[in-house]
Amino acid sequence: MSDSSPFPISSLPDPDFSLLKKSWVFQRYQSLCAFSSPFPFPDSEKEKKKHQRRLSFSETLDGRIPLKGVSSFQIHGVLNAISWGILMPLGAIIARYLRTFKSADPAWFYLHASCQFSAYVIGVAGWATGLQLGQKSKGVMYASHRNIGIALFCLASLQAFALFLRPKKDHKYRIYWNVYHHLVGYAVIVLSIINVFKGLDILDPHKKWRTAYITVISILGGIAVVLEVITWAIVLRRRSGQST
């Protein structure tokens, strides 16, 4: 059949999809489809909000959108991961192991206090952004993540104010204060790490960010194990020297 139209199809050039593939809309659609599973678009409003949050978080961390586009979700996650998830355990390691060395006294105390104070200040900022997000996200609630966050804030605040009530080293109640301080401190660290992973589950960023945090925590844990062995070796050597 002959082509009798005034604009024959055979005279049109082949379509060029290169410009379309380079367009921001197409890349955004690709990213959206890559994050949604098994369907390209989530159905419920809750899934849509989580989906948009996941996409925005991953794009920001990977540099696909400018830093000025960082949302409260990213700020909340980064602040809490650094404070509760990294600085708190690091401060505990400093306090437990550096004080074993007599030459580190009183430097270990100031390092420990500085690290924990920084973690507390940054953590409170992250906690405040979490409250703000809760007010903005009506109908979206992550109960366990929120409750652990509130518990962390209360316990950390209790630790901070308890420093003003710390008895002197030779006081008869100092041992009870030490027990309280250690128990609450370790509880804060355990809850912090748990809540960081809960936050990662909520934001659901690229796998490399979870891997990066696991790597940091593993390194801190490895350092703690090595220092624990060294500490016990020093303590046993001192005890054997005193007994002889």
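To keep things clear, this report deals only with the structure shown in the data block. (Residues numbered from 1 in each chain as written. Predicted model: local features only at pLDDT ≥ 70, side-chain atom pairs only at ≥ 80, totals over all residues. Heavy atoms only, no water.)

**Structural notes on the nonpolar core**
Counting 11 residues, the largest nonpolar core consists of Trp84, Leu87, Met88, Cys115, Ala119, Tyr120, Ile148, Leu152, Ala156, Val184 and Val188. Beyond its immediate chain neighbours, meaning those up to four positions away, valine 188 contacts Trp84, Met88, Leu152, Leu155 and Ala156. (Core = buried A, V, L, I, M, F, W, Y, C linked by side-chain atoms within 4.5 Å. Buried < 20%, exposed > 50% of the residue type's maximum accessible area, 1.4 Å probe, protein only. Contact = heavy atoms within 4.5 Å.)

**Some thoughts on a nonpolar patch on the surface**
Residues Tyr173, Ile175, Tyr176, Val179 and Leu183 make up a contiguous nonpolar surface patch of about 570 Å² in total accessible area. When you line up the elements, isoleucine 175 lands in helix α7 (residues 174–203). Relative accessible area serves as the criterion here: at 54%, isoleucine 175 is assigned to the exposed category. (Patch = residues over 30% accessible without salt bridge, like charges linked within 9 Å, V, L, I, M, F, W, Y side chains within 5 Å. Areas by Shrake-Rupley, 256 points an atom, 1.4 Å probe, with all protein chains shown as cover. Salt bridge = Lys/Arg side-chain N within 4 Å of Asp/Glu carboxyl O. Helix = DSSP H or I, 4+ residues; strand = E, 2+ residues; numbered from the N terminus.)

**Concerning the packing of aromatic side chains**
Across all of its chains, the model carries 6 aromatic pairs by this definition. The interplanar angle of 85° and the centroid separation of 6.0 Å between the aromatic rings of tryptophan 108 and phenylalanine 109 together place this pair among those described as edge-to-face. For phenylalanine 109, a relative accessible area of 24% gives the class partly exposed. Here the aromatic rings of tyrosine 173 and tyrosine 176 are separated by 6.3 Å at their centres, their planes lie at 45°, and the arrangement is tilted. Put simply, the rings of Trp108, Phe109 and Tyr110 pair up and form one aromatic cluster. Positioned over the ring face of tryptophan 108 is arginine 99, at 5.7 Å from the centre of the ring. (Phe/Tyr/Trp six-rings, centres within 6.5 Å; stacked < 30°, edge-to-face > 60°. Lys NZ or Arg CZ within 6 Å of the ring centre and 35° of its normal.)

**Concerning the pattern of salt bridges**
Applying the stated criterion to the full structure yields 2 salt bridges. Across the salt bridge formed by glutamate 228 and arginine 96, the nearest N and O atoms sit 2.9 Å from each other. Placement of the pair is glutamate 228 in helix α8 (residues 207–243) and arginine 96 in helix α4 (residues 72–97), with a sequence separation of 132 residues. Where arginine 210 meets aspartate 201, a salt bridge forms, and the shortest distance between an N and an O atom there is 2.5 Å. Take aspartate 201: its relative accessible area is 44%, and that puts it in the partly exposed class.

**Topic: the side chain of serine 83**
Relative to the elements of secondary structure, serine 83 occurs in helix α4. A relative accessible area of 0% places serine 83 in the buried class. Here asparagine 80 takes part through its backbone oxygen, which lies 3.5 Å from a polar atom of the side chain of serine 83. Sequence-distant contacts of serine 83, that is, excluding residues within four places in its chain, are made with Met88, Ala119, Ile122 and Gly123. (Polar contact = N/O pair within 3.5 Å; in protein donor to acceptor, adjacent residues only side chain to side chain.)

**So, the side chain of threonine 100**
Here threonine 100 shows up in the loop between α4 and α5 (107–136). Non-local contacts of threonine 100, meaning those with residues more than four positions away in its chain, are made with Thr231, Ile234 and Arg238.

**Observations concerning the packing of α5 against helix α6 (residues 143–162)**
At a closest axis distance of 11 Å, the pairing of α5 and α6 adopts a crossing angle of 150°. Classified by the interaxial angle, the pair formed by α5 and α6 is roughly antiparallel. As α5 runs across α6, the sense of the crossing is left-handed. Facing Tyr120, Val124 and Trp127 of α5, the residues of α6 in contact are Gly149, Ile150, Phe153, Ala156 and Ser157. Taken together, the residues of the contact of α5 with α6 break down into 6 nonpolar, 2 polar and no charged. (Axes fitted to C-alpha atoms, helices over the stretch in contact; angles between N-to-C directions. Parallel < 35°, antiparallel > 145°, perpendicular 65-115°, else oblique. Left-handed = near helix turned anticlockwise from the far one by under 90°. Nonpolar A, V, L, I, M, F, W, Y, C, P; charged D, E, K, R; others polar.)

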